[in-house]
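# A structural walkthrough
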Amino acid sequence: MSIDPVSRAAELRRLLTDASYRYHVLDQPTISDAEYDRALAELRALEEADPSLLTPDSPTQRVGAAPLGQFTPHVHRERMLSLSNAFSEDDLRDFDARVRRGLDAPEGDQIPYVAELKMDGLAVSLTYVEGVLTVGSTRGDGYQGEDVTPNLKTVREIPLRLRGDALPYPSLIEVRGEVFMSHEEFSAVNEAREEAGEPTFANPRNAAAGSVRQLDSSITAGRRLNCYCYAIGAATGGVPFSTQAELLAGLGRWGFRVNPDVAALSGIEEVIAYVRQWEERKDTLPYDMDGVVVKVDNLRAQRSLGATSHDPRWAIAYKFPAQQVSTQVLDIITNVGRTGALTPVAMLQPVAVGGVTVSKATLHNEDEVRRKDVRIGDTVVIQRAGEVIPEVVSVIVDAEHASRPEWSMPDRCPVCGSETQRAEGEAVTRCLGIACPAQLKRRIEHFASRGAMDIDRLGDKLIARLVDAGKLADPLDVFALTKDDLMEIERMADKSAQNVVDSINAARVRPLERLITGLGIPQVGATAARTLAQQSGSLERLAAMTADELKLVHGIGPVVAESIERFFRQDETQVVLRKISEQNLKIAAPERQDGDGRFEGKTFVFTGALETMTRPEAEAIARRLGGTASGSVSKKTSYVVAGENAGSKLEKANALGVTVITEAEFLGLAGVG
Ligand code: IVH
């Protein structure tokens with residue numbers, strides 16, 4: 001007897017949605033990751049075999065969708081208010097006095113309040129129609145935000161479908177919450193961006209906002225974002241709650257994640273004590289909070305207090321003071337990175353800022369040091385921006401400042417003594433030494449890092465010792481290390497040496513994209529590496545591709561393409577490639593994510609106005625089926641898909657004799673529509 005795919009798909013959706021709720025919201029997983037993955041794969045297969053089984057709330061939709069050309073505006077049914085701020089205990093007492101007056105509260109009566117942590121992220125509004133997430137939007141100006149639905153669908157803590165078993169939900173409801181990023185994820189994202197030579201995010205809030213306001217939702221899917229919900233906007237028929245505390249509990253029952261650190265308090269003095277307590281404890285949280293939101297608990301009282309033109313009168317945000325302290329600059333050193341980039345770092349008289357001791361702060365680059373005019377011996381104000389990266393804010397100019405020598409970038413590498421150079425129009429200065437041990441150490445650290453070959457037992461200290469002892473001349477030498485080499489260098493115990501060797505051996509089996517990431521090609525991070533692995537299928541093929549061919553790969557721009565070609569032309573890279581083939585590595589070619597690869601090796605150019613889809617959507621279809629989408633027509637173009645009013649690209653295609661097809665013909669080829 002064959003199982004009916006319709007009911008099987010529904011069953012799998014229920015199973016997966018429930019498992020995800022238990023894992024992400026209740027923190028009580030009920031099935032293993034492997035079981036989850038298996039069920040998800042089965043559902044995906046069913047949906048692929050019969051796309052009519054695909055529903056908007058399917059857990060398979062969390063992976064991101066085709067990139068958008070731009071965001072469309074979304075009008076909030078109920079306005080998203082902001083909050084007025086309190087900066088002192090007296091501000092809180094004044095707020096309480098206003099509330100009491102507004103409610104005509106008898107003297108001596110204590111107002112019931114709810115205090116919630118104020119997460120430092122970005123506000124979102126989630127619209128559910130008949131329990132299904134239909135729109136996720138940013139706050140915007142409060143009246144109108146941007147529709148970022150595909151991005152928010154990738155956030156696991158946002159339910160795609162509400163649970164209505166214990167508590168019925170309104171047929172249409174707007175739920176408001178804060179999307180934010182944990183410190184751990186922020187560091188991982190920035191580390192990856194730094195390795196890829198991309199600019200890093202200044203703090204977790206910017207990183208969360210940058211991830212949500214992202215036209216390519218597959219990038220958002222790769223970032224682990226959190227979302228705590230705390231309010232309701234429009235709701236047909238109203239909501240079945242009489243207090244904010246009940247509302248929060250109700251959101252939890254519908255499947256939203258709600259911050260567990262909430263308190264029901266009686267009177268403003270209890271609120272003040274609570275706020276003081278969090279001011280002390282805030283650095284123990286795994287994410288940034290910038291204050292405490294105090295809300296009148298009773299919803300009827302909230303309604304009778306109403307709102308000013310900007311803020312509700314029934315709530316206030318107590319903001320913690322910015323964490324800045326002053327300390328002395330003992331020295332300014334320069335760190336040498338993987339590509340030779342020199343980063344000035346201020347070495348500080350250790351000082352406590354917001355619960356941690358800070359002894360160094362980045363100065364980013366030469367221009368930053370000049371702009372702030374930081375000199376050795378100066379007293380500076382430092383802050384932990386977004387609680388994570390300490391940075392120098394400004395110099396406190398004292399009598400001696402002017403007599404201290406100005407700092408300048410060293411003209412020799414502090415590690416290998418080679419010349420340094422700052423290229424025209426660039427902010428970074430680089431060490432030009434080809435054999436610079438600092439660069440080599442960073443390159444090997446990168447090769448062994450979590451996002452690359454993931455050799456967890458090969459730590460930075462061990463790498464430094466092995467390089468200094470001449471055991472490693474390039475990252476690939478890692479695979480030639482023996483237990484004896486290790487025991488000689490580290491004087492480490494037999495067992496630990498064996499663990500390192502085992503960890504190295506385990507890394508002989510890695511997907512191609514990780515090897516490409518690990519090579520540290522300038523401008524190529526994990527995302528580009530994945531694309532390159534998909535498109536080339538093997539390192540040999542990638543190494544043989546010219547910059548012109550690479551430019552045709554979607555997501556690879558001309559600068560990156562040139563950088564890749566240059567990298568593979570270098571003599572040192574040839575040595576590395578030879579070692580890779582000698583080392584018996586089991587590098588797995590990428591499997592296609594989906595699609596049947598019918599467009600393998602084909603390059604498409606879309607031009608003119610398409611009727612049934614946007615250009616990015618069309619390009620995504622081409623890529624999903626193994627093809628490449630390009631912006632310009634050349635002899636190598638397989639098809640030009642010409643829409644209404646196609647212009648110069650169509651002419652060029654005709655001149656070059658490239659096949660020109662219509663949109664409908666393209667969809668026919670793709671087997672869509
Ligand atoms: S309530 C009318 N609760 O802070 C109620 N906001 O400064 C509006 N925020 O726009 C918001 N945590 O982005 C509320 N527990 C919390 C919050 C919170 C963070 C953010 C939210 C809001 C901003 C106002």
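The structure we're discussing is the one just above.
Quick look at the structure, then. Within each chain, residue numbers correspond to sequence positions counted from 1 in written order. The model is predicted, so local features are restricted to residues of pLDDT at least 70 and side-chain atom pairs to those at 80 or more, both for listing and for counting; the totals for chains, interfaces and linings are taken over all residues. Excluding hydrogens and water, the side-chain values take into account all heavy atoms of the structure.

### Considering the overall build of the chain
Put simply, the rule is: The way it works is that DSSP assigns letters per residue, a run of H or I at least four long becomes a helix, a run of E at least two long becomes a strand, and they are numbered from the N terminus. Burial classes follow relative accessibility: with a 1.4 Å probe on protein chains only, a residue under 20% of its type's maximum area counts as buried, one over 50% as exposed, and anything between as partly exposed. Residues count as neighbours in contact if any of their non-hydrogen atoms are within 4.5 Å of one another.
Secondary structure assignment for the chain yields 24 helices and 24 strands. Structurally, the chain occupies a C-alpha span of about 85 × 80 × 55 Å along its principal axes. Relative to its 673 residues, the chain shows a buried fraction of 48%. Sequence-distant contacts, at least 24 apart, represent 67% of the contacts inside the chain between residues at least 6 apart.

### Here's the deal with the sheet that holds strand β22 (residues 628–630)
The line we're drawing: Pairs of strands are assigned from DSSP output, requiring at least two bridges between the strands. Axis definition: a line fitted to C-alpha atoms, limited for helices to the stretch in contact. Angles are taken between N-to-C directions and run from 0 to 180 degrees.
Strand order across the open sheet formed by four strands is β22-β21-β23-β24, with parallel pairing between neighbours. Here the strands that pair on one side only, and so sit at the sheet edges, are β22 and β24 (659–661). The sheet shows a mean angle of 30° between the axes of neighbouring strands, taken without regard to direction. Across four bridges, the pairing between strand β21 (residues 603–607) and strand β23 (residues 639–642) is parallel. By the bridge assignment for β23, threonine 607 is matched with alanine 642. Along the sheet, helix α22 (residues 615–624) contacts β21 and β22; its crossing angle with β21, the most-contacted strand, is approximately 165°.

### So, the environment of arginine 430
The cut-off we apply is this: In protein, a polar contact means a hydrogen-donor-capable atom and an acceptor-capable atom, both N or O and within 3.5 Å, with residues adjacent in sequence counting only if both atoms are side-chain atoms; elsewhere, any N or O pair within 3.5 Å suffices.
The topology assignment puts arginine 430 in strand β18 (residues 429–431). A C-alpha to C-alpha distance of 9.1 Å links arginine 430 and threonine 343, two positions 87 residues apart in sequence. In this view, arginine 430 contacts Thr339, Gly340, Ala341, Glu419, Thr420 and Gln421; residues no more than four positions away in its chain are not counted. For arginine 430, the side chain forms a polar contact with the side chain of threonine 339, separated by 2.7 Å.

### Considering unusual backbone geometry
Although it is not a glycine, aspartate 454 adopts a positive phi angle of roughly 55°. Its location among the elements puts aspartate 454 in the loop between α12 (437–448) and α13 (460–468). On the basis of relative accessible area, aspartate 454 is assigned to the partly exposed category, the value being 29%.

### A word on the pairing of strand β3 (residues 112–119)
Remember that side chains alternate between the two faces of the sheet whenever the strand is regular. Counting buried residues in β3 gives seven out of eight residues, a clear majority hidden from the surface. Sheet analysis places β3 next to strand β9 (residues 262–266), joined by five bridges and oriented antiparallel. Bridge assignment links proline 112 to a residue of β9, and that residue is serine 266. Sheet topology note: the β3/strand β10 (residues 289–296) ladder contains seven bridges and is antiparallel. What sits directly across from glutamate 116, in β10, is valine 293.

### Regarding the nonpolar core
This is how it is decided: Here, nonpolar core refers to any group of buried Ala, Val, Leu, Ile, Met, Phe, Trp, Tyr and Cys residues whose side-chain atoms link them within 4.5 Å.
If you look at the biggest cluster of nonpolar residues, it comprises 50 residues, and the most contacted ones within it are Ile516 and Leu539. Among the elements that line this core, the one with the most residues is helix α20 (residues 558–569), at five residues.

### A word on the sheet that holds strand β4 (residues 122–129)
Judged by pairing direction, the sheet is antiparallel, and its four strands sit side by side in the order β5-β4-β7-β8 without closing on themselves. Of all the strands in the sheet, just β5 (132–138) and β8 (226–235) have a single pairing partner and so form its edges. Taken pair by pair, the neighbouring strands of this sheet meet at an average axis angle of 25°, ignoring direction. As paired elements, strand β7 (residues 172–180) and β8 share seven bridges and run antiparallel to each other. Bridged to phenylalanine 180 within β8 is asparagine 226. The sheet contacts of helix α8 (residues 244–254) involve β7 and β8, and relative to β8 the element is tilted by about 110°.

### Topic: the site of the ligand
Put simply, the rule reads: Throughout, the term near means that a residue has one or more heavy atoms lying within 4 Å of the molecule or strand in question. Shrake-Rupley sampling with a 1.4 Å probe provides the accessible areas, and residues are treated as covered by the protein chains on show and by no other component. Three categories are distinguished: nonpolar for Ala, Val, Leu, Ile, Met, Phe, Trp, Tyr, Cys and Pro, charged for Asp, Glu, Lys and Arg, and polar for the others, with Gly belonging to the last.
As a matter of local geometry, the ligand sits amid 13 residues, with Glu116, Lys118, Glu178, Tyr230 and Lys295 nearest to it. Separating an oxygen atom of the ligand from a side-chain N or O atom of lysine 118 is a distance of 2.9 Å. Within the contact set of the ligand, a nitrogen atom lies 3.3 Å away from a backbone nitrogen or oxygen of methionine 119. Within the complex, the protein chains bury 88% of what would otherwise be the 530 Å² of accessible surface of the ligand. Taken together, the elements giving at least two residues each to the shell around the ligand come down to β3 and β10. Across the shell around the ligand, the residue classes tally to nine nonpolar, no polar and four charged.

### Observations regarding the packing of aromatic side chains
Using the following cut-off: Between 30 and 60 degrees the pair is tilted, below 30 it is stacked and above 60 it is edge-to-face, where a pair is any two Phe, Tyr or Trp rings, Trp via its six-membered ring, whose centres lie within 6.5 Å.
Going through the model one piece at a time under the given rule, you end up with 15 aromatic pairs. A centroid spacing of 6.0 Å and a plane angle of 35° characterise the contact between phenylalanine 95 and tyrosine 113, whose relative ring orientation is tilted. Residue phenylalanine 95 is located in helix α3 (residues 89–103), and its partner tyrosine 113 is located in strand β3; the two are separated by 18 residues in the primary sequence. Judged by its relative accessible area of 0%, tyrosine 113 is buried. Here the aromatic residues Phe599, Phe604, Phe606, Tyr639 and Phe666 are joined through ring pairs into a cluster of three or more.

### Focus on the pattern of salt bridges
Threshold: One side-chain nitrogen of Lys or Arg within 4 Å of one carboxyl oxygen of Asp or Glu is enough to make a salt bridge.
Evaluated as defined, the whole model comprises 40 salt bridges. Between aspartate 18 and arginine 22 there is a salt bridge, with its nearest N and O atoms 2.9 Å apart. A residue pair is termed a helical-turn pair when its members lie 3 or 4 positions apart in one helix, as aspartate 18 and arginine 22 do in helix α1 (residues 5–24) at four residues. A residue is classified by how much of its surface remains accessible, and arginine 22, at 25% relative accessible area, is partly exposed. The partner of glutamate 269 in a salt bridge is arginine 93, with the nearest N and O atoms 2.8 Å apart. In this pair, glutamate 269 is assigned in helix α9 (residues 268–281) and arginine 93 in helix α3, connecting sequence segments 176 residues apart. We classify glutamate 269 as partly exposed; its relative accessible area is 45%.

### Digging into helix α24 (residues 663–670)
Put simply, the rule is: Here the arc refers to the set of directions running from the helix axis out to each C-beta atom.
Every buried residue of α24 is accounted for by Glu663, Phe666, Leu667 and Ala670. With its buried residues spanning 95° around the axis, α24 presents them on a single face. Summarising the geometry of α24, the exposed residues directed more than 90 degrees from the buried face are Ala664 and Gly668. Residues of α24 that are buried make contact with β21, α22, β23 and β24. Trailing α24 by a residue or two, glycine 671 shows a phi angle of about 75°, which is positive.

### Focus: the side chain of asparagine 151
With respect to the element layout, asparagine 151 can be found in helix α4 (residues 149–153). A polar contact is formed between the side chain of asparagine 151 and the backbone oxygen of valine 212, at a distance of 2.6 Å. Excluding residues that lie within four positions of it along the chain, asparagine 151 makes contacts with Phe71, Ser211, Val212, Gln214, Asp216, Ser217 and Thr220.

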